[in-house]
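Geometric and topological summary
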Amino acid sequence: MPRPTRRTRTLRPRRPSGSRTRRLLELHLVVLVVTAIVSTTLLLASYREVQNSAGELRTHGAPAVQGVSATQLALLRAHQEAEASVREGIDNVIGAGARYENQLSAADQGLSRLSDVQIDGERGRGVLKTVNGLLTSYSSSMTPGSVKYVDDDLMQREKFEEAERILRRRGTGVVPRLDVLQQHQMQRVGRVSSMGALQQTGWAAAELGLLVMALTSLSALWVLRVRCGRSQDPWLLLALLATVALAVVPLWATTATQVRLDTARERLVEIEARAHDTHDLAASQQDVIEKSTALRGGLAAQRWQSWTYYGALGGGALIVLLPAVGICRRLNADYWRAG
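Below is a short write-up of the structure. This is a predicted model, so every value here is computed, not measured.

1. Regarding the environment of Ala 74
In this fold, Ala 74 is placed in helix 2 (residues 19-87). Residue Ala 74 is classed as buried on the basis of its relative accessible area, which comes to 2%. Sequence spacing of Ala 74 and Tyr 100 is 26 residues, and the spatial spacing of their C-alpha atoms is 9.2 Å. Residues within four places of Ala 74 in sequence aside, it is in contact with Gln 103, Ala 106, Ala 107 and Gln 285.

Shown next as structure tokens:
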């Protein structure tokens, strides 16, 4: 086979100038776009999960725990007031007394609210249905004891003891059943208010992805400066700034929300414990009311936290589009001039 002449050698096709730079920029573009999509998806999902947890605790979890504690104390206070009316002879005039009626009415209202906010699902609804039935039996014992048998000490004592058994009987009484419901609700509150392993993994992966994207943006800027003779690219610089903001602001908002959740969980534990302090029921009720009021204020979401999700959504769109625009412009403008 004849050797190629100088003329034929010069006609051989050459590799396009700057092909290595083009492939390098294309690689940066792929890494930036893929990393931006994955990181933004993980970040938005993780942030939304934390905000949903705060919303559930604010609208259902905290009111449910507070409601059970307030209802227990109201029932115990009602029984205490009925016994006091007997000791003081008030039952001869007005039955069990206005304080008894007020506390029992408060307990009934508490149970009605609990049916809407309790967080133990079908099991919780079953407990509340049973408790309502037991309260009917309780009233059926208390009313004759405080009205019908006012002059019969023996029957009155028997009716009051019967009512107290319905109220306190271990395992099957009203208060023990509410204790079981409260225990299940506190377990749910603990799960909702704590960041689980899956959430922590999602945040770690999102932040790691944003770190990779920031480093890749810096690398792309270096490539454009060294190989394409561009001192800077405004699109990639904006993408870098948006990446840093996306890595910091949602994480900051989530940290603030998690602090509120931790504080709320601690307050709810205190409220639950206070409901078992029967030495001074009036003081326990007042303390529960004060702690519940403070808790509602602490769980209220701040306005800037509510808008952070939409800001993160917009930032995610920017870190996808800006690198694509910046690198594609450079590929079209500088590809053949790059060495």
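Moving on, there is more to tell.
2. Quick word on the side chain of Thr 254
In this structure, Thr 254 sits in helix 9 (residues 234-274). Aside from chain neighbours lying at most four places away, what touches Thr 254 is Tyr 47, Val 50, Met 195 and Trp 203.

3. Some points on the environment of Pro 176
When you line up the elements, Pro 176 lands in helix 7 (residues 174-193). The spacing of Pro 176 and Gln 72 is 104 residues in sequence and 9.4 Å in space, taken between C-alpha atoms.

4. Comments concerning the packing of aromatic side chains
To describe a pair of aromatic rings, one takes the distance between the centres and the angle between the planes. In the structure shown here, the tally under the stated rule is 2 aromatic pairs. Taking the centre distance of 5.8 Å and the plane angle of 55 degrees together, the rings of Trp 307 and Tyr 310 count as tilted. Within this pair, Trp 307 and its partner Tyr 310 are both found in helix 11 (residues 303-334), separated by 3 residues, close to a single helical turn. Looking at Tyr 310, the relative accessible area reads 49%, which means it is partly exposed. Measuring from centroid to centroid gives 5.6 Å for Tyr 309 and Tyr 310, while their planes differ by 85 degrees, and the two rings are edge-to-face. An aromatic cluster is built from Trp 307, Tyr 309 and Tyr 310, whose rings are joined through pairwise contacts. When the ring centre of Tyr 309 is taken as reference, the NZ or CZ atom of Arg 48 above it lies at 4.0 Å.

5. Some remarks on the packing of helix 2 against helix 4 (residues 98-117)
As a packed pair, helix 2 and helix 4 sit with axes 8 Å apart at the nearest point and diverge in direction by 155 degrees. The angle between the axes of helix 2 and helix 4 places the two elements in the roughly antiparallel class. Where helix 2 crosses over helix 4, the handedness of that crossing is left-handed.

6. A few points about a nonpolar patch on the surface
Together, Leu 208, Leu 211, Val 212, Leu 215 and Leu 218 make up a nonpolar patch on the protein surface, roughly 450 Å² of accessible area in all. By the secondary structure assignment, Val 212 is in helix 8 (residues 197-227).

Rules used in this analysis
- Residues numbered from 1 in each chain as written.
- Predicted model: local features only at pLDDT ≥ 70, side-chain atom pairs only at ≥ 80, totals over all residues.
- Heavy atoms only, no water.
- Helix = DSSP H or I, 4+ residues; strand = E, 2+ residues; numbered from the N terminus.
- Buried < 20%, exposed > 50% of the residue type's maximum accessible area, 1.4 Å probe, protein only.
- Contact = heavy atoms within 4.5 Å.
- Phe/Tyr/Trp six-rings, centres within 6.5 Å; stacked < 30°, edge-to-face > 60°.
- Lys NZ or Arg CZ within 6 Å of the ring centre and 35° of its normal.
- Axes fitted to C-alpha atoms, helices over the stretch in contact; angles between N-to-C directions.
- Parallel < 35°, antiparallel > 145°, perpendicular 65-115°, else oblique.
- Left-handed = near helix turned anticlockwise from the far one by under 90°.
- Patch = residues over 30% accessible without salt bridge, like charges linked within 9 Å, V, L, I, M, F, W, Y side chains within 5 Å.
- Areas by Shrake-Rupley, 256 points an atom, 1.4 Å probe, with all protein chains shown as cover.
- Salt bridge = Lys/Arg side-chain N within 4 Å of Asp/Glu carboxyl O.

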